[in-house]
Every structure is written in C-alpha cells, then in structure tokens.
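The chain contents come next:
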Amino acid sequence: PELINEPPLQILAVNQGMRINRASEDPGVFMSLSLSELTSNIETYLKEKEISYQLESNVFTTDWVITDNEAWWRSVFGTDLPRFIRDKYQVTLTEGERAEETALTVKHLAQELMPYDEDVWLNKPLTKRSSTEMLNRFVGHLDYIARLTEAKEVARLNLGIEVKLGQNANKNAALVANSSDFQTVWLKTPKVLQPFGFTLTDKDQITDTYFFNFEVNEPGFFASLFGDDSAVALPLTDGAYQVIIGGKKQGPTTITFIDIDGNPLTDAKMAELFPFLSEGFGRNVRQKKR
C-alpha cells in the first residue's frame, strides 16, 4: 500500500454548540441545529460551490468534487501533485444525542487523480483524511454563516428604536416600540435601562419579564449636558422593578414597567419617564461609560 506521510488532520469543531462525534466510524460532529436548518445550510454550501448531489432520506451523495492543480509553471518545472483530483462523498444527517441537536458525518466514497503526463483517471485508495477535509469545509461554511448572523444581530441592536407612549394588551400604560422585531427590543432593553440606574437581577423568558433593582442616580449637571444617562435621576423610588416586553406572538411590541408594589406605572408616571427613555431607546449607538 502507498505510504501516507502527511500529519493527521483534525476536525475543526469551532462553532458554538458543536462537538466532535467520537463514536462515529466516519468523521462527524454534533451541531445544535435542527435537521431542517442543517439540511438547508448543506444545500446552500453545495449550490454555492456548484457541487451536484442527490438527496434522499437525509443523505447527500455528491457527484465528483474536482480539485484543480493545473498551472503552466508546474507543467514546465515538474511537480509531485496530480493535475486533477476528484472525489465523491456521502454526507449523512441524523438526530443527535441531545435535544435540538443533529449529527453530521462525511464518508469518502471514491477518489481518482489525473497525472500531468497522462489524460487518464487513476483510482486512489479512500482515506479518512479526505472525509475530514470535506467535513471541515462544511464546518467553515457554518462558522461563516454564524458570524454573519451575529454581525447582523449586533448591527440591529446598535440601531435606535423609536418608542411612543401608549398601552399594552391589558390597557396599562406602556412604551410602544415602532420595531416589530420583538427579539431586538427584548435584547436591547437591559442595555438601555442600565445607565439610568437599573441593575438586571433575573429574567423569565417564558413570561418575557426582566427583574431589576433600581437605585436612583446622583444628578450631575455637567454630565447631563453631554447626554450621560448615569447623571439622570429618574423620578422613581429605589427598589425592585419588573419590565415586561409584550407582543411576542402578535400585536405591537410594548414595554411595561411594574413598580415595587407590583403595580404597572401610571400614565402620569410614564409621561414623566418618557423623555429620558425615548431618548435612550432612540440612540443608534450607546455611549461608553468611563
């Protein structure tokens, strides 16, 4: 058999929520993605790379994947590399060991190469190294998608949100956000409130409720001239407050404040807070505190 003197290739399980499937005979990973999400991502990658494939029962079988080493200087000066290499792979998706997890494995089905001095395809022995290389290409693609999604999320959070005075679904006084993106309002709210003296202590994503401890800021005249929220003394009593983000399933996204006695803030109190909170939510980028 041909001696392979290349070092072993490691699986690049770099994504958050990804781990190596060490029990699999073929190179594989577990990913915290649903079967449909991972299927869609694999299809996108194969189409972008113009790789033909067949999909049946969550198994992708590729046509030839060609690696081109052709270059004029290699033909003149010689090279140990073949002119072309082509491979076929089988990519299998199955349920993972944990909830909302999918297993992905890559099996090397065939490899052929064409030397520089011949126009003929020669069969080569199958290797796990080739399977691992293909798996790492998928992992790299998924890492790119994850980073792109994260960048879009950060950009969205850095955008200001216009709010107005209104009512929630229970007819209580609330801020009504112009954004229909519930998730953006949910993630942005603690960042907006923190400089005003709200310290996050807990959250309940089932009821879409944040729990804060509020301590009024010491007012500072010069700092307030420069829009420093930590200098704003909100007209509230120190203590424990709740902030409920409504509209997750339907209707406008609302922000309701529950006071230390467990009651929604009155219309009059929300009107007092509105100039400060609307300015805080409306900023494109939060100011960094020194």
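To be clear, the structure that these remarks concern was listed above.
Description of the structure in this document. (Residues numbered from 1 in each chain as written. Predicted model: local features only at pLDDT ≥ 70, side-chain atom pairs only at ≥ 80, totals over all residues. Heavy atoms only, no water.)

## Section: helix α4 (residues 182-193)
Convention followed: By definition, any uninterrupted DSSP run of H or I lasting at least four residues is a helix, any uninterrupted run of E lasting at least two residues is a strand, and each is numbered from the N terminus. Working rule for helices: expected span equals 1.5 Å times residues minus one. Each residue gets one of three labels from its accessible area relative to the maximum for its type: buried under 20%, exposed over 50%, partly exposed in between, using a 1.4 Å probe on protein chains only.
Its twelve residues place the ends of α4 17 Å apart at the C-alpha level, agreeing with the 16 Å of an ideal helix rising 1.5 Å per residue. Three or more residues of α4 are buried, namely F182, T184, V185, W186, K188, T189, P190, V192 and L193.

## Some points on the packing of aromatic side chains
The criterion, for reference: Centres within 6.5 Å are what make two rings of Phe, Tyr or Trp a pair, Trp counting through its six-membered ring; a difference in plane orientation under 30 degrees is then read as stacked, over 60 as edge-to-face, and the rest as tilted.
Under the criterion given, the structure shown has eleven aromatic pairs. Taken together, a centroid distance of 5.7 Å and an interplanar angle of 80° make the contact between F198 and F212 edge-to-face. A residue pair is termed long-range when its members are at least 10 positions apart, and F198 in strand β11 (residues 198-204) and F212 in strand β12 (residues 209-214) qualify at 14 residues. Comparing F198 with F212, the two get one shared label, buried. Ring geometry for F198 and F214: centres 4.8 Å apart, planes at 45°, overall tilted. With F198 in strand β11 and F214 in strand β12, this pair connects stretches of sequence that are 16 residues apart. The exposure classification of F198 matches that of F214, with both residues buried.

## Observations regarding the packing of helix α3 (residues 128-158) against α4
Stated precisely, the cut-off is as follows: Axis definition: a line fitted to C-alpha atoms, over the contacting stretch in the case of helices. Angles run 0 to 180 degrees between N-to-C directions. Just so you know how the angles are binned, under 35 degrees is roughly parallel, over 145 roughly antiparallel, 65 to 115 roughly perpendicular, and the rest oblique. Handedness of a crossing follows from how the near helix is turned relative to the far one, being left-handed for an anticlockwise turn of less than a right angle and right-handed for a clockwise one. Contact definition: two residues touch when any of their heavy atoms are within 4.5 Å. Think of it as three bins: nonpolar holds Ala, Val, Leu, Ile, Met, Phe, Trp, Tyr, Cys and Pro, charged holds Asp, Glu, Lys and Arg, and polar takes everything else, Gly as well.
Where α3 meets α4, the axes come as close as 10 Å, and the angle between the chain directions of the two elements is 65°. Our classification of the angle between α3 and α4 gives roughly perpendicular. Relative to α4, α3 is oriented so that their crossing is right-handed. Along the contact surface, α3 presents E153, R156, L157 and N158, while α4 presents T184, L187 and K188. Classifying every residue of the contact of α3 with α4 gives two nonpolar, two polar and three charged.

## Considerations on the sheet that holds strand β10 (residues 173-177)
Heads up, the rule is: At least two DSSP bridges between two strands are needed for those strands to be called paired.
A sheet is described by the order of its strands in space; here six strands give the open sequence β9-β10-β14-β13-β12-β11, paired in antiparallel fashion. Single-partner strands in this sheet number two, and they are β9 (163-167) and β11. Within this sheet the neighbouring strands show an average axis-to-axis angle of 30°, counted without direction. Sheet topology places β11 next to β12; six bridges connect them, and they run antiparallel. By the bridge assignment, T199 is partnered in β12 with N213.

## A short note on the environment of H141
Its location among the elements puts H141 in helix α3. Among the residues examined, H141 registers a relative accessible area of 9% and is labelled buried. Spatially, the C-alpha atom of H141 lies 8.5 Å from that of N41, the residues being 100 residues apart in sequence. Contact partners of H141, with chain neighbours within four places excluded, come to N41, T44, Y45 and E48.

## Digging into the packing of helix α1 (residues 35-48) against α3
The description of two packed helices rests on the angle between their axes and on the distance between the axes. Where α1 contacts α3, the two axes come as close as 10 Å, and the packing angle between them is 105°. Taken as axis vectors, α1 and α3 run roughly perpendicular relative to one another. In this structure, α1 contributes L38, N41, I42, T44, Y45, L46 and E48 to the contact, and α3 contributes M134, R137, F138, H141 and L142. For the contact of α1 with α3, the class distribution of residues is seven nonpolar, three polar and two charged.

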